[in-house]
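# A closer look at the structure
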Amino acid sequence: MAVRNSMDIAVVGNGVLGLSIAVEIARRAPKLEVAVIGPPERPLAASVAAGAMLNCFGEVTKYTHQHPAAEAKFTIARQALDEWPAWLDRLCDDIGDDAAALRASRTEGTFVLLSGRSGHLAQENFHAMRAALIKYDEPHEPVDPQDIEGLDPSPTARPSHAVHLPREGAVDARAVVTALEAAAGRHGVHLVPAAVRGLLADADTVAGVRLADGSTLSAGTVILAAGSTSSALADSVLPPGETPPMLHGNGLSLVTRRTAPHRAREVLRTPIRAGSCGLHLVPLAGADEQYIGANNMVTLRPAHGPGVGDGHAFLRQICEHLDQRIASSQVTQWLHGARPMPLDCFPLIGESSLRGLHFATGTYRDGFHCSPVIARHVTDTVLDRPATDPNFDWFTPKRLPIQTMTVEEAIAEFASHEVDAAYEYGLTLPFWLDSETVAQHSKQRARRVHEELDELVALPPDNLMALQGLTPAEGLADLRRYLHAAHAYHQKSAQTATV
Ligand SMILES: Cc1cc2nc3c(=O)[nH]c(=O)nc-3n(C[C@H](O)[C@H](O)[C@H](O)COP(=O)(O)OP(=O)(O)OC[C@H]3O[C@@H](n4cnc5c(N)ncnc54)[C@H](O)[C@@H]3O)c2cc1C
């Protein structure tokens, strides 16, 4: 299909969010001209590196019920858990004869395992998950780890507890993205194989996008779904400080061919661990194929690839905590993607101050799982249907970073994450030293970062990990400038709103 240079809606980014939103708009408003713009090789895309576990309760942490914004995010994840079966059926209907591969890519069921080598944080997160399962009456069952097929940890890392979640499983992310692209094509969405270099504005309204080759595509609505590079694109057209900046949660993951017997039939995973995500094994459609994920190396600037040290620790821990025999598997694909991580780790979803420019990003660890609900909500918003879901109000891109703790609490939390990560990495200390030595060192580094930022924000531990080693010239000065601008901008907006 020839692409025109004028569209009703331009979606920037061809990951799971951009494609899901485009498909949902095209289903509901077939007369609109919609384009999805993104390079076919998808550099840095999180979506094609993802597990993609469809986990809601499996992702619960001790922070989930500590702040209303975290509760709102959890509510969206619960809606997604209910909606995935119908969403997948609809996608299969969209692609007709090609649906067999998509259906085969679905895995039912997840075991969440608390390894004997877990730190305190993983334990607290596991207990928070169990409390949430009971509170929300979600089907689950405690199981004896010995009965779980495919689980073979090292003797020191045998799980002390395991819970089976029958409604939580996984899909093959790469198969879903391929299916979404096919569905978009069948619904008449224009797929533009290019990168966007900049956004165009006409006074207070978005006007379209400029592509890397210098050509332009005009559109009255632009949906920014470019993953972790989204805020860099928005910066040139939005007032300084309007929107929290994005960091990059680099993840390494692998597709492997197994040589040892007894591949797990369901997802095996740990709870969320210190500063990271859960270790997980996901069976894929091929009888011997297995996905191994993932680590999380957070960077302020886009990274060229996953870190060697992080990768080494991650692969060692996968074998120790979940399955020693993975060591003999053969790697068929090394995957690297960057999770879109706003400074406060909460999503950026909604319209900006530039009329017609909508954000659909910042989903960090569970954007694949939440994609059907986000696609529905963004579609409602751009089609001017009454927005029915107040949970998204928290995630407007026009906000100061959401603060869930004080600076002192953030420093203490970071230190406890560092201690946990150090033990999980293999730290052992002589009897006359305790972990307070590590904690004090981490607290000093966390305090220095907060002082460099004039204590204008309390940073979540996940992002502090990226910032604690940086100098002002390596990005902290830019962040301080953003924070001053953000406080001035949002103070002024609040005053204007009350006049
Ligand atoms: C290793 C790993 C494992 C994960 N596991 C899970 C999981 O199990 N479950 C889960 O729910 N989530 C998981 N996630 C998180 C999930 O992948 C993300 O939340 C989600 O995929 C984000 O989707 P997106 O479409 O917003 O961004 P992306 O997938 O990053 O897509 C953005 C797209 O925009 C394109 N783009 C970038 N810049 C431009 C530009 N200038 N112009 C045009 N296009 C551009 C990129 O190439 C990319 O294709 C994981 C992430 C990683 C990295």
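Scroll up to find the structure this text is about.
To start, this report covers the structure provided alongside it. (Residues numbered from 1 in each chain as written. Predicted model: local features only at pLDDT ≥ 70, side-chain atom pairs only at ≥ 80, totals over all residues. Heavy atoms only, no water.)

What follows covers the site of the ligand. The local shell around the ligand holds 39 residues, among which Asn14, Ser47, Met53, Val196 and His369 are the closest. A distance of 2.8 Å separates a nitrogen atom of the ligand from a polar backbone atom of Val196. Burial of the ligand by the protein amounts to 95% of the accessible area it has alone, namely 1,000 Å². Those elements giving two or more residues to the shell around the ligand turn out to be α1 (16–28), β17 (330–342) and α8 (367–382). When residues of the shell around the ligand are assigned to their parent elements, the largest contribution, three residues, is made by α8. Of the residues in the shell around the ligand, the class split is 22 nonpolar, 13 polar and four charged. (Near = heavy atom within 4 Å. Polar contact = N/O pair within 3.5 Å; in protein donor to acceptor, adjacent residues only side chain to side chain. Areas by Shrake-Rupley, 256 points an atom, 1.4 Å probe, with all protein chains shown as cover. Helix = DSSP H or I, 4+ residues; strand = E, 2+ residues; numbered from the N terminus. Nonpolar A, V, L, I, M, F, W, Y, C, P; charged D, E, K, R; others polar.)

Omega for the bond connecting Gly51 with Ala52 falls within 30 degrees of zero, at -15°, which places this linkage in the cis form. Mapped onto the fold, Ala52 is located in the loop between β2 (34–37) and β3 (53–54). At the junction of Gly293 and Ala294, the peptide bond is cis and its omega measures out at -25° in the coordinates. Take Ala294: it is sitting in the loop between β15 (289–293) and β16 (297–299). Positioned with a positive phi, Leu44 is a non-glycine residue whose angle comes to about 70°. Summarising the element assignment, Leu44 is placed in the loop between β2 and β3.

It is worth spelling out the environment of Leu44 at this point. With a relative accessible area of 21%, Leu44 lands in the partly exposed category. Once the C-alpha coordinates of Leu44 and Val438 are considered, the two residues, 394 residues apart in sequence, prove to be 33 Å apart. (Buried < 20%, exposed > 50% of the residue type's maximum accessible area, 1.4 Å probe, protein only.)

The grouping of Tyr423, Leu429, Phe431, Trp432 and Leu433 at the surface amounts to a nonpolar patch, some 600 Å² of accessible area in total. As for its position among the elements, Leu429 is in the loop between α9 (407–425) and α10 (436–452). (Patch = residues over 30% accessible without salt bridge, like charges linked within 9 Å, V, L, I, M, F, W, Y side chains within 5 Å. Salt bridge = Lys/Arg side-chain N within 4 Å of Asp/Glu carboxyl O.)

Our focus in this paragraph is helix α2 (residues 68–95). Helix length check: α2 (28 residues) gives 39 Å between terminal C-alpha atoms against 40 Å at 1.5 Å per residue, within 8%. Helix geometry: α2 is bent most strongly at Glu83, by close to 50°, with proline Pro85 lying one to four residues after it. A positive phi of about 55° marks Gly96, the residue just after α2. (Expected span 1.5 Å × (residues − 1). Bend = angle between axes of the 7 residues up to and from the residue.)

On to the nonpolar core. As a rule of thumb, soluble globular proteins bury nonpolar side chains together. Judged by nonpolar contacts, the single largest core of 70 residues is most densely connected at Phe57, Ile223 and Phe368. Tallying contributions element by element places α2 first for this core, with 14 residues. Residues Ala274, Ile411, Phe414 and Ala446 belong to the second largest nonpolar core, which totals 30 residues. (Core = buried A, V, L, I, M, F, W, Y, C linked by side-chain atoms within 4.5 Å.)

So, on to the side chain of Asn55. By the secondary structure assignment, Asn55 is in the loop between β3 and α2. Since its relative accessible area comes to 2%, Asn55 is described here as buried. Among the polar contacts made by the side chain of Asn55, one reaches the side chain of Thr110 at a distance of 3.3 Å. Sequence-distant contacts of Asn55, defined by excluding residues within four places in its chain, comprise Thr110, Glu168, Gly169, Arg269 and His369. (Contact = heavy atoms within 4.5 Å.)

Pairing analysis gives six bridges linking strand β1 (residues 6–12) to strand β11 (residues 216–224), with the strands arranged parallel. The partner of Val11 across the bridge, within β11, is Ile223. Relative to β11, strand β10 (residues 205–211) runs antiparallel, the two sharing three bridges. Looking at the pairing, Gly208 lines up with Ser218 of β11. Counted between consecutive antiparallel strands, the loop separating β10 from β11 contains four residues, among which Gly214 sits at a positive phi close to 95°. Bridge count between β11 and strand β19 (residues 357–361): three bridges; the pairing is parallel. Directly across from Leu224, in β19, lies its bridge partner Phe359. (Pairing = 2+ DSSP bridges.)

Attention now goes to the pairing of strand β6 (residues 159–165). With five of its seven residues buried, β6 lies for the most part within the structure. Sheet topology places strand β4 (residues 110–115) next to β6; six bridges connect them, and they run antiparallel. Bridge pairing in β6 places Val112 opposite Val163. As paired elements, strand β5 (residues 141–142) and β6 share two bridges and run antiparallel to each other. Opposite Glu141, over in β6, you have His164 as the bridge partner.

What follows concerns the pattern of salt bridges. For the coordinates displayed, the defined rule picks out 33 salt bridges. Here Arg28 and Glu24 are joined by a salt bridge, their closest N and O atoms 3.1 Å apart. In this pair, Arg28 and Glu24 both sit in helix α1, four residues apart, roughly one turn of the helix. For Glu24, a relative accessible area of 9% translates into the label buried. With a shortest N-O distance of 3.1 Å, Glu424 and Arg273 are connected by a salt bridge.

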